[in-house]
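An overview of the molecular structure
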Amino acid sequence: MCGIVGYVGKQECTEVLLDALSKLEYRGYDSAGIAVFQDGEIRVSKTKGRIADLKEKILKEGMIHGGSCGIGHTRWATHGEPSDINSHPHGNAEISIVHNGIIENYQKIKSFLEKHGYVFESQTDTETVAKLLNYYYNGDPMETIQKVLGDIEGSYALGIVFKDFPESVYAVRKDSPLIVGVGEGEAFIASDVPAILKFTRNYYLLDTDEIAVLSGGRAQIFDKYGTPVEKELMVADWDMEAAEKGGYEHFMLKEINEQPNAIKQTVSPRIKDGMPDFEECGMTAEKLASYNNIFVVACGTAMHAGLVGKYVIEKLARVPVTVDVASEFRYRDPIIGSNDLVIVVSQSGETADTLEALKLSKRLGADTLAIVNVVGSSIAREADMVIYTHAGPEISVASTKAYSVQISVFYLLAFLLSYARKMISEDECRRLTSVLESVPNMIDMILKQEKSCQYVASQLINSENLLYIGRGLDYALSMEGSLKLKEISYIHSESYAAGELKHGTISLVTESMPLIAVATQRDLFDKTVSNAKEVKARGGKVIFVTHDYINVDDDVADYKIGLPTVDDILMPMLTVVPLQLIAYYTSVLRGNDVDKPRNLAKSVTVE
Ligand code: F6R
């Protein structure tokens, strides 16, 4: 989704803005632009396309020696196609703005402004905010912004420059991310920490409708009434290296390989004397055991992590768990109340639907727990309790290490809940916990066998369609494998509960429809074998993912990917790795932009 940056300081502003924007490329975008002060004037350069195109344009336009103050933007189109005119910044010679989010009442504001003689050039909602700022502008930026905040509805992170204040950048946010970075005699705004890591690790989190004023090399923050507020200074524990490729060809491959360490970093602090422990986030064993129902709400891969959580919690702790896609949860009038726990899961912590589902859950009286990767993100701040996953920055659009750390948290919660409900003994809880701790070493082993995944990818590259099947936990994994493959390889892929195949979908099976069967749950193994045989008998090509020690006959599969063995319930921690690698290599072999697949954004901050 859109990325925002802003800078005030002594460095060459255009270069700082372009560098910071390049660190936000991972969010997904289709156009880019900047506004900088040059000889007291606001100069704007913007274009459809990549940051490289913007750089070229800036050079042509002689803006590289822009001043020491400006704003920048990468746009992911929502209102109006990607085009030069729809790109940000928007505004005029007096005021220029960049915006992330959606102004829901922009039509109303637009009609009002048109009646006052304003003429609109773009199809964007953002232009209405730029013009509304002009309408209210009285020489006092703070007062003007306050008036605009009173009128606009929806989600926004805004960076604003006023011609009359050529040394200052103003910023404000609601439901869209924005941080305020502070360095030695310089200050920044950015949608995310990686944008500023090269310059500083110190930043403030901006709360709803707080106004940041970057001026004179420092940042001041005011509440919506203009009263200065003291904010806690945050220090990013990610360094530049964490946000760089570090010798890997793609971020996705780097992040797949980072999983063993990410799991260790996430799991270790939540184990005390061999037992799971979440007291740091306010979740005791007694409290966890007190809920009647658990709901897991998330989107995409994070929702798939929730499905693993459901199987594991229900199996071990016998507490009903309902998993919802966040965008549906809100509109199905969910029956939840004060004795229920809603767990929201999100890597970015900014996914609009998940955030809204969280707010709804709170209104309905449920306790809310967020499993989130990005520290200080909107979801983390909104939830009653937060368990941070320590995966480090996930830059590739396709989520990999975030999934692994999310499910590792679900395992610990399930072990603790099961023990608290006396479903398992303390010894069994300790044993399961220590098996989970041994998983990172097993993933290291799987990562060394990447050749088999490369081979499978080479068999898939010419396919137009693909099926994944599995039963129980393997079904949850097949959904994640299928999503990963389709989003980066652009091969149409569907996942089915293995038993469902013959209720319709098997009619699609031909020689050109490969099928990946995930079969790690040994009590269900024979049944999935039968389903695979049915596909083989109809000419389909079958790839089997199962335990290393299990032999798979030729009439079942054409190829087997073998995994080390742990308790079946913990197999998802391992199974996901080859599924990620198959997706990755298929995308590479098809020549796709692996880290930035078409049409996708990393952080989905609009509904
Ligand atoms: C798929 C993927 C998405 C995200 C989803 C939720 O690889 O990355 O499906 O999982 O958009 O994002 P977060 O976890 O940031 O809420």
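Residues numbered from 1 in each chain as written. Predicted model: local features only at pLDDT ≥ 70, side-chain atom pairs only at ≥ 80, totals over all residues. Heavy atoms only, no water.

So, on to the overall build of the chain. When its secondary structure is counted, the chain shows 18 helices and 26 strands. Here the chain has a C-alpha radius of gyration of 25 Å; the compact-globule value for 607 residues is 25 Å, and the two agree. With respect to the three principal axes, the spread of C-alpha positions in the chain is 75 × 55 × 45 Å. Taking all 607 residues of the chain together, the buried fraction comes to 61%. (Helix = DSSP H or I, 4+ residues; strand = E, 2+ residues; numbered from the N terminus. Rg over C-alpha atoms; globule rule 2.2 N^0.38 Å. Buried < 20%, exposed > 50% of the residue type's maximum accessible area, 1.4 Å probe, protein only.)

Applying the stated criterion across every chain yields a total of 10 aromatic pairs. Seen in terms of ring centroids, Phe525 and Phe544 are 5.9 Å apart; in terms of plane orientation they differ by 85°. Their pairing is edge-to-face. Residue Phe525 is located in helix H17 (residues 525-537), and its partner Phe544 is located in strand S25 (residues 542-547); the two are separated by 19 residues in the primary sequence. Judged by its relative accessible area of 0%, Phe544 is buried. (Phe/Tyr/Trp six-rings, centres within 6.5 Å; stacked < 30°, edge-to-face > 60°.)

Next up on the list: the domain arrangement of the chain. Per the domain assignment, the segments making up the chain are domain 1 (3-243), domain 2 (251-447) and domain 3 (450-589). Computed from C-alpha atoms alone, the centre-to-centre distance between domain 1 and domain 3 is 45 Å. (Domains from an automatic or database assignment.)

Considering only enclosed or pocket space, the largest pocket measures out at about 550 Å³ in volume. Secondary structure elements with two or more residues in the lining of the largest pocket: helix H9 (300-317), strand S19 (340-346), helix H11 (352-363) and helix H16 (473-489). No other element matches the three residues that H9 contributes to the lining of the largest pocket. Counted as a void, the second largest pocket has a volume near 250 Å³. Forming the boundary of the second largest pocket are 15 residues, of which Glu25, Lys245, Phe251, Ile395 and Lys596 lie nearest the centre. Residues belonging to the lining of the second largest pocket are distributed by class as follows: six nonpolar, two polar and seven charged. (1 Å grid on protein atoms, 1.4 Å probe; cavity = no way out; pocket = protein on both sides within 12 Å on 5 of 7 lines; lining within 4 Å. Points joined across faces, edges and corners; volume = space filled by probe spheres on them. Nonpolar A, V, L, I, M, F, W, Y, C, P; charged D, E, K, R; others polar.)

On to the side chain of Asp568. Mapped onto the elements, Asp568 comes out in the loop between strand S26 (559-563) and helix H18 (572-589). At 2.7 Å, the side chain of Asp568 and the backbone nitrogen of Arg522 are in polar contact. When neighbours within four sequence positions are excluded, Asp568 is seen to be in contact with Leu473, Thr520, Gln521, Arg522, Asp523 and His547. (Polar contact = N/O pair within 3.5 Å; in protein donor to acceptor, adjacent residues only side chain to side chain. Contact = heavy atoms within 4.5 Å.)

What follows deals with the environment of Ile506. Secondary-structure assignment places Ile506 in the loop between strand S23 (492-497) and strand S24 (515-518). The class of Ile506 is buried, set by a relative accessible area of 16%.

On to the packing of helix H3 (residues 106-115) against helix H4 (residues 126-136). Helices that pack against each other are described as a pair by the angle of their axes relative to one another and the distance between those axes. At their nearest, the axes of H3 and H4 sit 10 Å apart, and the two run at 45° to each other. If you check the angle between H3 and H4, you find them oblique. Relative to H4, H3 is oriented so that their crossing is left-handed. Of the residues in H4, those touching H3 at Tyr106, Ile109, Lys110, Phe112 and Leu113 are Thr128, Lys131, Leu132 and Tyr135. (Axes fitted to C-alpha atoms, helices over the stretch in contact; angles between N-to-C directions. Parallel < 35°, antiparallel > 145°, perpendicular 65-115°, else oblique. Left-handed = near helix turned anticlockwise from the far one by under 90°.)

Turning our attention to empty space enclosed by the protein. If a probe the size of a water molecule is rolled over the atoms, the empty space left behind becomes visible. Going through the model one piece at a time under the given rule, you end up with four cavities of 30 Å³ or more. Taken as a whole, the largest cavity holds about 230 Å³ of empty space. Elements with a minimum of two residues in the lining of the largest cavity: strand S11 (202-205) and helix H12 (378-382). Residues of the lining of the largest cavity, tallied by class, amount to 13 nonpolar, seven polar and seven charged. For the lining of the largest cavity, the two domains that each supply at least three residues are domain 1 (3-243) and domain 2 (251-447). Of the volumes computed, that of the second largest cavity is approximately 60 Å³. Together, Cys2, Arg75, Trp76, Thr78, His79, His88, His99, Gly101, Thr124, Asp125 and Thr126 line the second largest cavity. Class assignment of the residues belonging to the lining of the second largest cavity gives a composition of two nonpolar, seven polar and two charged.

Bringing the sheet that holds strand S4 (residues 69-75) into the picture now. The strand order S3-S2-S4-S1-S10-S9-S11-S14 describes an open sheet built from eight strands, whose pairing is antiparallel. Only two strands of the sheet have a single neighbouring strand rather than two, namely strand S3 (41-48) and strand S14 (234-235). Contacting strand S2 (31-38), S3 and S4, helix H2 (residues 51-61) crosses the sheet at an angle of about 140° to S3. (Pairing = 2+ DSSP bridges.)

Two elements in contact, H9 and H16, have axes whose closest approach is 9 Å; the angle formed by their N-to-C orientations is 170°. By the angle between their axes, H9 is roughly antiparallel relative to H16. Here Gly300, Thr301, His304, Leu307, Val308, Tyr311 and Val312 of H9 lie close against H16, whose contacting residues are Leu473, Tyr475, Ala476, Leu477, Met479, Glu480, Leu483 and Lys484.

A word on the site of the ligand. Around the ligand sit 13 residues in total, of which Ser346, Gln347, Ser348, Thr351 and Glu487 are the nearest. For the ligand, an oxygen atom lies 2.4 Å from a polar atom in the side chain of Glu487. Because more than half of its atoms lie within 2 Å of the grid, the ligand is assigned to the largest pocket. For the shell around the ligand, the secondary structure elements donating two or more residues are H9 and H16. (Near = heavy atom within 4 Å. Sits in = over half its atoms within 2 Å of the grid points.)

On to unusual backbone geometry, then. Of the consecutive residues His88 and Pro89, the connecting peptide bond is found in the cis state with omega at 5°. Mapping Pro89 onto the fold places it in the loop between S4 and strand S5 (90-91). Backbone geometry at Asp273 places phi at a positive 50°, although glycine is not the residue there. By the secondary structure assignment, Asp273 is in the loop between strand S15 (271-272) and strand S16 (275-276). You can call Asp273 exposed: its relative accessible area is 70%. A positive phi is found at Asn599, a non-glycine position, where the angle reads about 65°. Relative to the assigned elements, Asn599 resides in the segment after H18. Assessed through its relative accessible area of 65%, Asn599 is described here as exposed.

Take the state of the cysteines next. For the coordinates displayed, the defined rule picks out zero disulfides. Take Cys429: it sits in no disulfide, and the sulfur closest to it among the cysteines is that of Cys281, at 16 Å. Using a relative accessible area of 0% as the deciding quantity, one classes Cys429 as buried. (Disulfide = S-S within 2.5 Å.)

Before going further, it helps to examine H2. Side chains of residues three or four places apart in an α-helix project in the same direction, reflecting 3.6 residues per turn. Within the span of H2, buried status applies to Ile51, Leu54 and Ile58. Angularly, the buried residues of H2 cover 50° about the axis, an arc narrow enough to put them on a single face. For H2, the exposed residues lying more than 90 degrees away from the buried face are Ala52, Glu56, Leu59 and Lys60. For H2, the elements touching its buried residues are helix H1 (13-22), S2, S3 and S4. Gly62 sits one or two residues past H2 and shows a positive phi near 70°. (Arc of directions from axis to C-beta.)

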